[in-house]
Amino acid sequence: MAWQIDLSGKKALVTGGASGIGYGIACALMEAGATVTVTARTSKSVRACETETGHGTLTALQMDVTNDLSIEEALESVDDLDILVNNAGTAIRKGLEFRVDRFAEVINTNLIGTMRLCHECLGKLVLRRGCILNIASMYSFYGNPLLPGYGASKAAVVNLTMSLAIAWARHGVRVNAIAPGWIETKMTAPVKDDRVRHDTIMARTPMGRWGTPEEVGAAAVYLCSPAASFVTGATLAVDGGYAAV
Ligand SMILES: NC(=O)c1ccc[n+]([C@@H]2O[C@H](COP(=O)([O-])OP(=O)(O)OC[C@H]3O[C@@H](n4cnc5c(N)ncnc54)[C@H](OP(=O)(O)O)[C@@H]3O)[C@@H](O)[C@H]2O)c1
């Protein structure tokens, strides 16, 4: 039997889709046939996103996931929605997440930003029996002595995914997460450039390499497709085996 995932006619919104994993997910969803809108924080990034991708033109909206008004304004131009991908996220390095104000900033973006979008989009998703995909992390499962806010936020994203999956199954809305391992993006560039950390990570990654945004995109297409019609509340690791060690 030939298998093919076809998301033609589906409308997707990917937060933080101007770069990295979000862009990889947006392109993969487009390649599968979906119409995709990404969000970016600045008007400059919005303009940069509105390019031909090889699978169609990406449209972009300006949105800050920590700002209710910005979310409301952006969603005014979204009519139908089948797929919401909560990808926008941040980490504040150099030990600054030990300051409570910076800790709160990370929680506000990664966790509360995810909940804001889930809450605001639920009505539209219910109408089309849509689905939500949240981006967690392997730090959802391990402590992180350098990024306490990031780890706490991503652990909570996994639990939020399960809670919303249970609550919204009766509306026909599936809610899943992906926990990416070490993926090459601008967020992880400082880690990749640090030879000691790079070597430590590679030694612990069974597949012995960094992942790509496209590889996360492929898993996203599966979870957002009818092929995953009985999958909800799950967190799928896309990490080259990192979490298995
Ligand atoms: N790369 C990895 O190895 C890895 C591993 C596990 C999980 N993740 C997660 O994957 C997601 C994407 O990260 P990435 O690695 O692709 O890094 P990235 O390229 O830096 O992407 C992060 C995106 O989130 C956006 N963003 C940050 N704060 C925002 C806010 N308040 N409102 C709206 N958008 C905001 C950023 O926009 P700006 O460009 O405007 O800042 C950027 O587009 C994040 O949730 C991250 O935690 C990454």
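Below is a short write-up of the structure. If you're wondering where the values come from, they're calculated on a predicted model, not measured in any experiment.

### Overview of the site of the ligand
Near the ligand you find 26 residues, and of these Arg41, Asn87, Tyr150, Thr185 and Lys186 are the closest. At a separation of 2.8 Å, an oxygen atom of the ligand approaches a polar backbone atom of Ile183. For the ligand, the accessible surface in isolation is 890 Å², of which the surrounding protein chains cover 93%. When residues of the shell around the ligand are traced back to their parent elements, those giving at least two are α1 (20-31) and α5 (148-168). Split by residue class, the shell around the ligand holds 11 nonpolar, 11 polar and 4 charged.

### Comments concerning α1
Here α1 contains 12 residues, and its C-alpha end-to-end distance of 17 Å stays within 8% of the 16 Å for a straight helix at 1.5 Å per residue. Counting buried positions along α1 yields 9 of 12 residues, so the element is predominantly enclosed. Among the residues of α1, Ile21, Gly22, Gly24, Ile25, Ala26, Cys27, Ala28, Leu29 and Met30 are the ones counted as buried. On its buried face, α1 sits against β1 (11-14), β2 (35-40), β4 (83-86), β5 (131-135), β6 (174-180) and α8 (213-223). Directly beyond the C-terminal end of α1, a positive phi value near 110° is found at Gly33.

### Overview of the side chain of Thr39
Its location among the elements puts Thr39 in strand β2. For Thr39, a relative accessible area of 2% corresponds to the buried category. Here the side chain of Thr39 touches Gly16 through a polar contact of 3.1 Å, landing on its backbone nitrogen.

### Focus on the pairing of β6
A large share of β6 lies buried, amounting to 7 of its 7 residues. Of the two faces of β6, both are covered, the one formed by Arg174, Asn176, Ile178 and Pro180 as well as the one formed by Val175, Ala177 and Ala179. Here 5 bridges tie β5 to β6, and the two strands are oriented parallel to one another. Of the residues in β6, the one forming a bridge with Leu133 is Asn176. Between β5 and its parallel partner β6, the chain crosses via α5, and the hand of that crossover is right-handed.

### Focus on the nonpolar core
Membership of the largest hydrophobic core comes to 32 residues, with the highest contact counts inside it found for Ile25, Leu29, Val36 and Ile178. Elements with a contribution of two residues or more to this core: β1, α1, β2, α2 (43-49), β4, β5 and α8. Element by element, the count of residues in this core is highest for α1, at 6 residues. Listed in part, the 29 residues of the second largest apolar core include Val65, Leu81, Leu117 and Leu160.

### Re unusual backbone geometry
Backbone geometry at Lys94 places phi at a positive 65°, although glycine is not the residue there. For Lys94, the position within the fold is in the loop between β4 and α4 (100-127). Positioned with a positive phi, Arg129 is a non-glycine residue whose angle comes to about 45°. Following the sequence through the fold, Arg129 ends up in the loop between α4 and β5.

### Some details on the pattern of salt bridges
Considering all chains together, one arrives at 9 salt bridges under this definition. The closest approach of N and O atoms between Arg128 and Asp82, which form a salt bridge, is 2.9 Å. Of this pair, Arg128 sits in the loop between α4 and β5 while Asp82 sits in the loop between α3 (68-75) and β4, and the two are 46 residues apart along the sequence. With a relative accessible area of 30%, Arg128 lands in the partly exposed category. Through salt bridges with shared partners, a single ionic network connects Lys11, Asp80, Asp82 and Arg128.

### Some remarks on a nonpolar patch on the surface
On the surface, Ile5, Tyr222 and Leu236 cluster together to form a nonpolar patch covering roughly 220 Å² of accessible area. If you trace the backbone, Tyr222 turns up in helix α8.

### Overview of the sheet that holds β1
Where strands meet in a sheet, backbone hydrogen bonds hold them as pairs that are either parallel or antiparallel. Pairing within the open sheet is parallel, and its 7 strands lie in the order β3-β2-β1-β4-β5-β6-β7. Edge positions in the sheet fall to β3 (59-62) and β7 (235-238), since each of these pairs with one other strand and no more. Across the sheet, the mean angle from the axis of one strand to that of its neighbour is 20°, orientation sign disregarded. Strands in contact with α1 are β1, β2, β4, β5 and β6; relative to β1, the strand with the most contacts, it is inclined by about 170°. Set on the sheet, α4 makes contact with β1, β4 and β5; between it and β4 the angle comes to about 180°.

Basis of the calculations
- Residues numbered from 1 in each chain as written.
- Predicted model: local features only at pLDDT ≥ 70, side-chain atom pairs only at ≥ 80, totals over all residues.
- Heavy atoms only, no water.
- Near = heavy atom within 4 Å.
- Polar contact = N/O pair within 3.5 Å; in protein donor to acceptor, adjacent residues only side chain to side chain.
- Areas by Shrake-Rupley, 256 points an atom, 1.4 Å probe, with all protein chains shown as cover.
- Helix = DSSP H or I, 4+ residues; strand = E, 2+ residues; numbered from the N terminus.
- Nonpolar A, V, L, I, M, F, W, Y, C, P; charged D, E, K, R; others polar.
- Expected span 1.5 Å × (residues − 1).
- Buried < 20%, exposed > 50% of the residue type's maximum accessible area, 1.4 Å probe, protein only.
- Contact = heavy atoms within 4.5 Å.
- Pairing = 2+ DSSP bridges.
- Right-handed = clockwise from strand over helix to strand, strands pointing away.
- Core = buried A, V, L, I, M, F, W, Y, C linked by side-chain atoms within 4.5 Å.
- Salt bridge = Lys/Arg side-chain N within 4 Å of Asp/Glu carboxyl O.
- Patch = residues over 30% accessible without salt bridge, like charges linked within 9 Å, V, L, I, M, F, W, Y side chains within 5 Å.
- Axes fitted to C-alpha atoms, helices over the stretch in contact; angles between N-to-C directions.

Read these as layout, nothing more, since geometry by itself doesn't imply function.
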